[in-house]
Amino acid sequence: MDTLVNVAHGFGVALLPINLLYCFIGVFIGTLVGVLPGIGPISAMSLLLPVTLSGTPESGIIMMAGIYYGSMYGGSTTSILVNIPGEAASVVTCIDGHQMAKQGRAGPALGISAFGSFAAGTFALVALMLVAPKLASVAIAFGPAEYFSLMVLGLVVLTFLTQGSMPKALLMACIGVVLGLVGLDSITAQPRLTFGRMELIDGIGLVPVVMGLFGVAEVLLNTEQAIKRDIINTKITHLLPSKEDWKASAGPVGRGTILGFFLGILPGGGAVVASFASYALEKRLSKTPERFGHGAIEGVAGPESANNAAAGGAFIPLMTLGIPPNVVMALLLGAFVIHGLQPGPLLITQNPGLFWGIVASMYIGNVMLLILNLPMIGMWVQLLKLPYNILFPLIILFTILGVYCSSNNVFDVYVMIAFGIIGYFMRKFGYEPAPLVLAFVLGPMMENNLRKSLILSQGDLWTFVQRPISGVCLTLALVLLIAPLLPSLRKKRELVALDEGA
Amino acid sequence: MNNDTPVKLRLNNSELWGGLIGLALGGFVIWSGLKLRLGTINDPGSGYVLFYTGILMCVFAGAIIVSAITEGGPTLASRWENVRWSKPLLLIACLTAFAFALEPLGFLLSSIPLMLLLLRLIDPVRWTLAIPIAVLVPSGMWWVLKRLLLIQLPSGLFGIG
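Residues numbered from 1 in each chain as written. Chains lettered and ligands numbered in written order. Predicted model: local features only at pLDDT ≥ 70, side-chain atom pairs only at ≥ 80, totals over all residues.

### Quick word on the overall build of chain A
Along its length, chain A carries 23 helices and 2 strands. Oriented by its inertia axes, the alpha-carbon framework of chain A measures out at about 65 × 55 × 50 Å. A total of 502 residues make up chain A; the buried ones form 61% of that total. (Helix = DSSP H or I, 4+ residues; strand = E, 2+ residues; numbered from the N terminus. Buried ≥ 20, exposed ≤ 12 C-beta atoms within 10 Å, placed from the backbone.)

Next up, the structure:
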C-alpha cells in the first residue's frame, strides 16, 4: 500500500509540466546519441551535466536518467540499419539485427527491439520500486568498512569485465584513484598533487576527465578510419512483429529482462555485460543455434531487453547505497552532488519526492521512447545520413562548450584536451578508460571510508574481514582477482570482456 | 622482423613501454605519498592511500612488464598500421593550437578557425558548406549561451564575444 501511495506521489512530481519537458528532452537526446555512432550516453551526459544546474534537482536528474535509458533504445536503430553500434550495449544487436534488415525484415527487428525494451524497462522500474526501499533500509546499517569493501568489489568487477589484460585495467583503476585524490585532503585539508596550481585545489573536475577520455578520444580514434556506412535504403515497413515473431521472442524478452536486471544491479556490471550474456544464453537455449548470426529474431529481442532492464537495475546501488555501479551512474552521482544531494540509504526517506519522481518519470520516459522509436523511425534514419566529417567538429565544439560551462574556467578545457590526447594513446595501447573513471569517482569515497574504518577500529585490519558483508565483498573481489590466473576462467573472462568505452 | 610479429626483448615492444610508464607513475605516486606524510595505521595521514596505491601501481606495471618480456607484444609502429595516423595527429595539433589561442583570442576568434580547420583538414567538406558551418555554429552557440543562458564565454584581448 505504501508503495502505491509513493508511486502516486512520484507521478505527481513527474507529471509536472517542467519535469515532463525535461524527461522528453532527456529521452530525445538519449535516442539521438544512441542513434549517432561516435557519441555515446557518457559523452552526452557529461556534456549536459552543467545544464542540470539551471533547474530543480528533480528536473536535472530526470533528464540525465532519460539520456541513459533513451540511448539504450536508440542504439539498436543504428545497429540494425547500419551495422554500427550506436553505443556499446548495442554491439550484439548488430549480429542478427543487421542480418534481419538485409533480408528485408528491418521493421520487425526495430519493432521487437522497441517492444522488448519497453517491456524490460517497465519490469525494471517495478522491480526498482519494490527492491530499492527494502535495500535502503538494510543499507542504513552499513558502516565505513562495508562501503569501502563494496567499492573495492565494484572496481574489481569492472576491471574483470574490461577488455584486455587485467593488470592494465587494475593499473587504470589505481590511476583513477590517484587522480580522484588530487586537491585538498577532506580530513586534514592538506593540498595533494596540486603542483602549486590554484585550479587544482578543488580537485580535477569529473566533466573534463570524462569528456576528454570518452568524447575527444573517441573522435580521435574515429578519424583514423574513414567511416563507411552501409545504410539499409529500403522503406521500413511492418514495424509490428508477426505472431510467429512474438512467439519466438517472448521467451528471450522474459529471460533477457530478468538476467539484465540482476546484472545491472551488480557493481561493475551494466547494460553491456547484460546484452552479451543474454545473447549467449539465447544461443545456448535455442534448438537451432545455427540461425544465430543469420537473422534470428531471438538474437535481437533478448539482448535489447537485457540492456534496458540493466539500465533500470543500475539505479539500485546508486539510489540505495550511494555507490555508482558504472561510469554512467557515476555521472548521475555527479548530478546529485551538484545539487547538494547525497544518494544513499537516506535519500528515499529524506527526499521521497525526488526518488519516486525519478522512478515515475522513467515509466513516462519509456512510453515516450516507444512513440519516438516506432512512428518516428524515419526521422532517425535521416539523421544517420549525417556524414561523420560534419558531425565530429560539432562534437568537439559541444564538448569544449560543455566543459567550459560546467565550471566557467578555461583551465578545464585544457584538462579535457589533455585527457583526450591521453585517452587516445591509452586506447591505442589497449588501456580501457572505464575503470579509471569509476575509480576517479569512487577514489575519494574509498579513501574516506578506509581512513574512517581504520580510525574506528584503532588500526585493526581484521575489521574488514570480520564484518560479514565487508568480508563477503572482499572475498568475492579476491576470487575475481585470482580467477584470470586460471586458464579455464581466463578464457571465460575473454568471452564476456566488454568495451565500455564505445 | 615484421611489425605484426610479437616482439619480446626489444625496445619497440609497445607493451613494455606501457608498463614502464606505469612503473614511473607508480614511483612518483609513492614518492608523493611519502612526502605528504603517511601517518599511522590508527590515524592514516594525507599520503597513506596515495603511498599504497603507488605500490599497487608498481605491482600491476611490473606484471605488464613481465608479460611484455615473456609473451611479447606488438611493436609501436604496428599500433598505427593500416590507419590514417596523420588525421588524429592533425586533430591533436588543432586542439593544442586552440587551447593556446582560447584565452588571448576569446571563444569566437578561436573556435571559428578551429571549426574551419577540422572541417577542411580531416575529411574535407566543400568550402561552400564548411564556411557557413564554421561561422554559424560557434556564433549561434555563443549567442544562445551569452544571451539566453547568460554564460560569459572568454572574450580575449580584443574583447570580441
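### Details of the overall build of chain B
Each helix and strand in chain B was counted, giving 4 helices and 0 strands. In chain B, the succession of α and β elements from N to C terminus is α-α-α-α. The C-alpha radius of gyration computed for chain B amounts to 24 Å, which surpasses the reference 15 Å derived for 161 residues by more than 25%, pointing to a less compact arrangement than a globule. Sequence separation of at least 24 residues holds for 63% of the intrachain contacts in chain B that already meet a minimum separation of 6. (Rg over C-alpha atoms; globule rule 2.2 N^0.38 Å. Contact = placed C-beta atoms within 7 Å.)

### Comments concerning the domain arrangement of chain B
By domain assignment, chain B separates into domain 1 (14-80) and domain 2 (86-148). On a C-alpha basis, the centres of domain 1 of chain B and domain 2 of chain B stand 38 Å from each other. (Domains from an automatic or database assignment.)

### Some words on helix α11 (residues 271-285) of chain A
Side chains three or four residues apart in an α-helix point the same way, a direct result of the helix having 3.6 residues per turn. End to end, α11(A) covers 21 Å across 15 residues, agreeing with the expected 21 Å (1.5 Å per residue, within 8%). Those residues of α11(A) that sit buried are A271(A), V272(A), V273(A), A274(A), S275(A), F276(A), A277(A), S278(A), Y279(A), E282(A) and K283(A). (Expected span 1.5 Å × (residues − 1).)

### What to know about the nonpolar core
Grouped together as the largest cluster of nonpolar side chains are 207 residues, with contacts concentrated most on M45(A), V210(A), L331(A), L332(A), V437(A) and L438(A). Per-element accounting of this core gives the leading share, 17 residues, to helix α6 (residues 106-139) of chain A. In this structure, this core is formed jointly by two domains, domain 1 (14-80) and domain 2 (86-148) of chain B, each of which donates at least three residues. (Core = buried A, V, L, I, M, F, W, Y, C linked by C-beta atoms within 7 Å.)

### Quick look at the packing of helix α9 (residues 206-223) of chain A against helix α20 (residues 434-456) of chain A
Residue and element names in this part refer to chain A. Contact pair α9 / α20: the axes reach a minimum separation of 11 Å and the direction vectors enclose 175°. As the angle between them shows, α9 and α20 are arranged roughly antiparallel. The segment α9 lies against α20, with L206, V209, V210 and L213 engaging L436, V437, F440 and V441. Grouping the constituent residues of the contact of α9 with α20 by class yields 8 nonpolar, no polar and no charged. (Axes fitted to C-alpha atoms, helices over the stretch in contact; angles between N-to-C directions. Parallel < 35°, antiparallel > 145°, perpendicular 65-115°, else oblique. Nonpolar A, V, L, I, M, F, W, Y, C, P; charged D, E, K, R; others polar.)

### Section: the interface of chain B and chain A
Contacts between the two partners involve 50 residues from chain B and, on the opposite side, 46 residues from chain A. Broken down by secondary-structure element, the contributors of at least two residues to the side of chain B that touches chain A are α1 (14-36), α2 (48-71), α3 (86-121) and α4 (127-148) of chain B. Take the side of chain B that touches chain A: its biggest share by element is 12 residues, from α3(B). Its residues assigned to classes, the side of chain B that touches chain A comprises 34 nonpolar, 10 polar and 6 charged.

### A closer look at the packing of helix α10 (residues 243-265) of chain A against helix α12 (residues 298-313) of chain A
All names here are of chain A. Relative orientation of the contacting elements α10 and α12 amounts to 30°, with a least axis distance of 6 Å. Compared by their axis directions, α10 and α12 come out roughly parallel. The hand of the α10/α12 crossing is right-handed. Per-class residue counts for the contact of α10 with α12 are 14 nonpolar, 11 polar and 2 charged. (Left-handed = near helix turned anticlockwise from the far one by under 90°.)

### Regarding the environment of C174(A)
Relative to the elements of secondary structure, C174(A) occurs in helix α8 (residues 166-180). Residues C174(A) and M100(A) lie 74 residues apart in sequence; the distance between their C-alpha atoms is 43 Å. Filtering out sequence-adjacent residues up to four positions away, C174(A) remains in contact with T53(B), L56(B), M57(B) and F60(B).

### A few points about the confidence of the model for chain B
Of the residues in chain B, 92% reach a pLDDT of 70 or more, and the chain-wide mean stands at 86. As a predicted assembly, this complex carries a pTM of 0.79 together with an ipTM value of 0.89. (pLDDT = per-residue confidence, 0-100.)

### Focus: the environment of T96(B)
With respect to the secondary-structure elements, T96(B) resides in helix α3. For the pair formed by T96(B) and G33(B), sequence separation is 63 residues and the distance between their alpha carbons is 31 Å.

### Let's talk about unusual backbone geometry
Residues and elements named next belong to chain A. Within the chain, F195 stands out as a residue other than glycine whose phi angle is a positive 50°. In this fold, F195 is placed in the loop between β2 (191-192) and α9. By the C-beta count within 10 Å, which is 7 here, F195 ends up exposed.

### Some points on helix α19 (residues 410-428) of chain A
Between its first and last C-alpha, α19(A) extends 28 Å over 19 residues, near the 27 Å set by a 1.5 Å rise per residue. Structurally, α19(A) contributes buried residues whose contacts are with α9 and α18 (388-407) of chain A together with α3 of chain B. A positive backbone phi angle near 80° is found at G430(A), which sits one or two residues after α19(A).

### With respect to the environment of L105(B)
All names here are of chain B. Inspection of the secondary structure assignment puts L105 in helix α3. Judged by local crowding, L105 falls into the buried class, with 21 C-beta atoms found within 10 Å. On a C-alpha basis, the gap between L105 and S139 in space is 15 Å, while along the polypeptide they are 34 residues apart. If sequence neighbours within four positions are ignored, L105 has contacts with S110 and G156.

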